[in-house]
Amino acid sequence: MSSSQKFDHQRFLKTVTQKAGVYVMLNEAGEVLYVGKAKNLRNRLGSYFRASGLSNKTMALVSRIFQIEVTVTATESEALLLEQNLIKQYRPPYNILLRDDKSYPYIYLSSDQQHPRLSMQRGAKRGKGQYFGPYPSAGAVRESLSWLQKVFKVRQCEDSYYRNRSRPCLQYQIGRCSAPCVGNISDQEYARDVQHTELFLSGKSAALQQALADDMERCAEALEFEKAAELRDRIGYLQQVQASQCIEGEDGDLDIIAGVLQAGLCCIQLLSVRAGRVLGSRSYFPKSLLEETVDSHVEAFIAQHYLTGSGAVDLPKELVLNVELADAALLAGSLSEQAGRQVAIVHRVRSRRAKWQQLAITAAEQNLRNRLAASESMAGRYRALQELLELDNLPSRLECFDISHSSGEATVASCVVFDDNGPLKADYRRMNIDGVAAGDDYAAMRQALSRRYRRVASGEVPRPDILFIDGGKGQLNQALRVLAELEISELLTIGVAKGADRRAGLEVLIRGDTGRELTLADNSPALHLIQHIRDESHRFAIGGHKARRDKARRQSGLEAIPGVGAKRRRELLRHFGGLQGVRKASVADLCRVPGISEKIAREIYEGLRGA
């Protein structure tokens, strides 16, 4: 009997309330399929079981329902918040989902130092100083920091590095820092550069331009022509940025959100404006198994992106959309409640806001076209792979394994996964390899495959259509033995051996089922797909190996010394700017670090030299 037959929706609908609340649909295994909210729970749930008018995807959802749980809330706003919390907790497959991400980055200008520092900051705002943002991406922050470094030359180095300089660094040599660490600029002049940086980041461009112009005239009158020319260049840079960001005569804090839907794929473009300055934009491609409209995607994005329930997200004063939302008032009320002030949601705008809105729409359309083109390119590569390997069905899940180490040290195996859209990074895995002889790649590959495919055999992880092994016949044979021991049959396994001179394009493919070797033309789409997954596996393995090796080397230094705990390690590294500085320090130097006695300093000195 199917799940839909077991669920008696008629009996359920007779008992469900007509109040506002949240409903959770579960399958027979108790897994959450979908979370939704409703002003009237009975009416909303009844719409899923009507005799006609349902899309095929909605019917597929309904066929899997085994149980529906409802939670009544006092208001629609409470239902909205609860819905978002449950979506983030369970990430149901039939909801519109945004990819999990880190907290949004800010530019941080410190204020508790003689020479303040600019840096990128995520997470809690613990430092004393000012935070500017949030920026839509780390790339937007880095771009702004690079421009600020070029124009205002406020230092961006780590404090430990700054404290231990005895001569100017490379940033000074290339004109990107004024070297306050060694006194190449007076405190007064540096403070003025910091003030100009603050004005720019605060969006006070007119005041900044006036201040720069006044300084330029003053320098010219004092016959300091080189300084005057530098200030003239700063004004020019500032005008270029203003022109590119279209901010003349406009201010305000707002986010522009544009949604575009085509061929079943949606792109949400977020354009962030703070103090009248465009901080940057970012594209999102939310996933959904249901046939959703553009406005439902935009509404889901706003709810998941901004409604945290904790106020952790800095909400702008206004959200400008390219679509009209039926629940705009409900969303605006919930956002206003979270922000503690009025947050407006509008879609009809004029002047600069209309230009920003069109900019976001154009970017969404272009990024969606690029995504669809890449998807079509990936589909073509999969079809070429199917034809090359003479497969009955188009493969939809590929796995590739690689091993990385440095002369046997800190061996790490990688498993990367591709689906029909390309890299499926949520399913990537790294495995630390222990208990094998140093440099024994065969034993390392055997251990990694055994650990992974025991889970495949038990049904914990999906079985791939093709397993690629980065290596020749030796590594391939290890894979075949592991699969035979685990009684996993009819899994096509292919070794990707490096060709002559180890050059890309000369790879030799070795089929595990027949032993047949294949060499493809360097313009083959199938080869490009295999190279892509092989290179991803290689990159992912190297990243894991370096992290493990560096951690082990750090531990072999300070962490192996008795009496040097986390707090003392932190003080030592901060004081000397890193482990290399600690290694070079004398006992007397070590004693100058807070919390380090002469006895401990001697143990550190001897321990590091014996390490």
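Rules used in this analysis
Residues numbered from 1 in each chain as written. Predicted model: local features only at pLDDT ≥ 70, side-chain atom pairs only at ≥ 80, totals over all residues. Heavy atoms only, no water. Patch = residues over 30% accessible without salt bridge, like charges linked within 9 Å, V, L, I, M, F, W, Y side chains within 5 Å. Areas by Shrake-Rupley, 256 points an atom, 1.4 Å probe, with all protein chains shown as cover. Salt bridge = Lys/Arg side-chain N within 4 Å of Asp/Glu carboxyl O. Lys, Arg positive; Asp, Glu negative; His and termini not counted. Charge placed at Lys NZ, Arg CZ, Asp CG, Glu CD. Helix = DSSP H or I, 4+ residues; strand = E, 2+ residues; numbered from the N terminus. Pairing = 2+ DSSP bridges. Axes fitted to C-alpha atoms, helices over the stretch in contact; angles between N-to-C directions. Contact = heavy atoms within 4.5 Å. Buried < 20%, exposed > 50% of the residue type's maximum accessible area, 1.4 Å probe, protein only. Phe/Tyr/Trp six-rings, centres within 6.5 Å; stacked < 30°, edge-to-face > 60°. Lys NZ or Arg CZ within 6 Å of the ring centre and 35° of its normal. pLDDT = per-residue confidence, 0-100. Expected span 1.5 Å × (residues − 1). Right-handed = clockwise from strand over helix to strand, strands pointing away.

### Points about a positive patch on the surface
Item 1. A grouping of Arg163, Lys567, Arg570 and Arg574 is seen on the molecular surface, where their side chains present a positively charged patch.
Item 2. Looking at the positive patch, the element that brings in the most residues is helix 18 (residues 566-576), giving three residues.

### A word on the sheet that holds strand 8 (residues 265-274)
Item 1. Strand order in the open sheet formed by five strands is 9-8-7-10-11, and the pairing between neighbours is mixed. Of all strands in the sheet, those with a lone pairing partner are strand 9 (277-284) and strand 11 (344-346), marking the two edges. For this sheet the average axis-to-axis angle between neighbouring strands, irrespective of direction, equals 15°.
Item 2. With four bridges joining them, strand 7 (residues 254-262) and strand 10 (residues 318-321) adopt parallel strand pairing. Bridge pairing in strand 10 places Leu254 opposite Glu318.
Item 3. Of the strands in this sheet, strand 7, strand 8, strand 9 and strand 10 are in contact with helix 12 (residues 294-306), which crosses strand 7 at around 140°.

### What to know about the pattern of salt bridges
Item 1. Under the counting rule described, the total for this entry stands at 20 salt bridges.
Item 2. Across the pair Glu485 and Arg446 runs a salt bridge, and its minimum N-O distance is 2.4 Å. Placement of Glu485 in helix 16 (residues 473-485) and of Arg446 in helix 15 (residues 441-458) is noted, with a sequence separation of 39 residues between them.
Item 3. Ionic contacts of the salt-bridge type, sharing partners, join the residues Arg397, Glu399, Asp427 and Arg452 into one network.

### Examining unusual backbone geometry
Item 1. Despite not being glycine, Arg91 shows a phi value in the positive range, around 45°.
Item 2. Turning to its location among the elements, Arg91 is positioned in the loop between helix 5 (76-90) and strand 4 (106-110).
Item 3. Judged by relative accessible area, Arg91 falls into the partly exposed class, the value being 29%.
Item 4. Of note, Ser351 is a non-glycine position whose phi angle comes to about 55°, a positive value.
Item 5. Mapping Ser351 onto the fold places it in helix 14 (residues 351-389).

### Thoughts on the side chain of Glu83
Item 1. Looking at the element boundaries, Glu83 is found in helix 5.
Item 2. Buried and unpaired, Glu83 has Lys37 as its nearest opposite-charge partner, separated by 4.0 Å.
Item 3. Filtering out sequence-adjacent residues up to four positions away, Glu83 remains in contact with Val22, Val35, Gly36 and Lys37.

### Quick word on the sheet that holds strand 2 (residues 32-38)
Within a beta sheet, neighbouring strands are joined by backbone hydrogen bonds and run either parallel or antiparallel to one another.
Item 1. Overall, antiparallel pairing links the three strands, which are arranged 2-1-3 in an open sheet. A strand with exactly one partner marks an edge of an open sheet, and here the two such strands are strand 2 and strand 3 (67-72). Each adjacent strand pair in this sheet contributes to an overall mean axis angle of 15°, direction not counted.

### A few points about the packing of aromatic side chains
Item 1. In the structure shown here, the tally under the stated rule is 13 aromatic pairs.
Item 2. Ring centres 6.1 Å apart and planes at 45° place the aromatic pair Phe401 and Tyr453 in the tilted group. With a gap of 52 residues between them, Phe401 in strand 12 (residues 397-406) and Tyr453 in helix 15 connect regions that are remote in the sequence.
Item 3. With relative accessibility at 0%, the residue Phe401 sits in the buried group.
Item 4. Site record: aromatic cluster; members linked through ring pairs are Phe7, Phe12 and Phe49.
Item 5. Directly above the aromatic system of Tyr162 lies the positively charged group of Arg155, at a separation of 4.0 Å from the ring centroid.

### Observations concerning the confidence of the model for the protein
Item 1. The predicted model of the protein has a mean per-residue pLDDT of 85, with 93% of residues at 70 or higher.
Item 2. Below pLDDT 50 for its whole length, residues 245-250 participates in 16 contacts with residues either more than four positions away or in separate chains.

### Overview of the environment of Asp402
Item 1. Inspection of the secondary structure assignment puts Asp402 in strand 12.
Item 2. Asp402 gets classed as buried once you look at its relative accessible area, which sits at 6%.
Item 3. Sequence spacing of Asp402 and Ser146 is 256 residues, and the spatial spacing of their C-alpha atoms is 36 Å.

### Re helix 5
Item 1. Helix length check: helix 5, at 15 residues, gives a terminal C-alpha distance of 21 Å against a target of 21 Å (1.5 Å per residue), a fit within 8%.
Item 2. Three or more residues of helix 5 are buried, namely Ser77, Ala79, Leu80, Glu83, Gln84, Leu86 and Ile87.
Item 3. Backbone geometry just after helix 5 places Arg91 at a positive phi near 45°.

### Quick look at the pairing of strand 16 (residues 466-470)
For a regular strand, the rule is simple: side chains alternate between the two faces of the sheet.
Item 1. With respect to burial, strand 16 is a largely interior element, five of its five residues being buried.
Item 2. Residues Ile466, Phe468 and Asp470 line one face of strand 16 and the alternating positions Leu467 and Ile469 line the opposite face, and both faces are buried.
Item 3. In terms of strand pairing, strand 16 meets strand 17 (residues 492-497) through five bridges, oriented parallel. Paired with Phe468 across the strands is Ile494, a residue of strand 17.
Item 4. Crossover connection from strand 16 via helix 16 to parallel strand 17: handedness right-handed.

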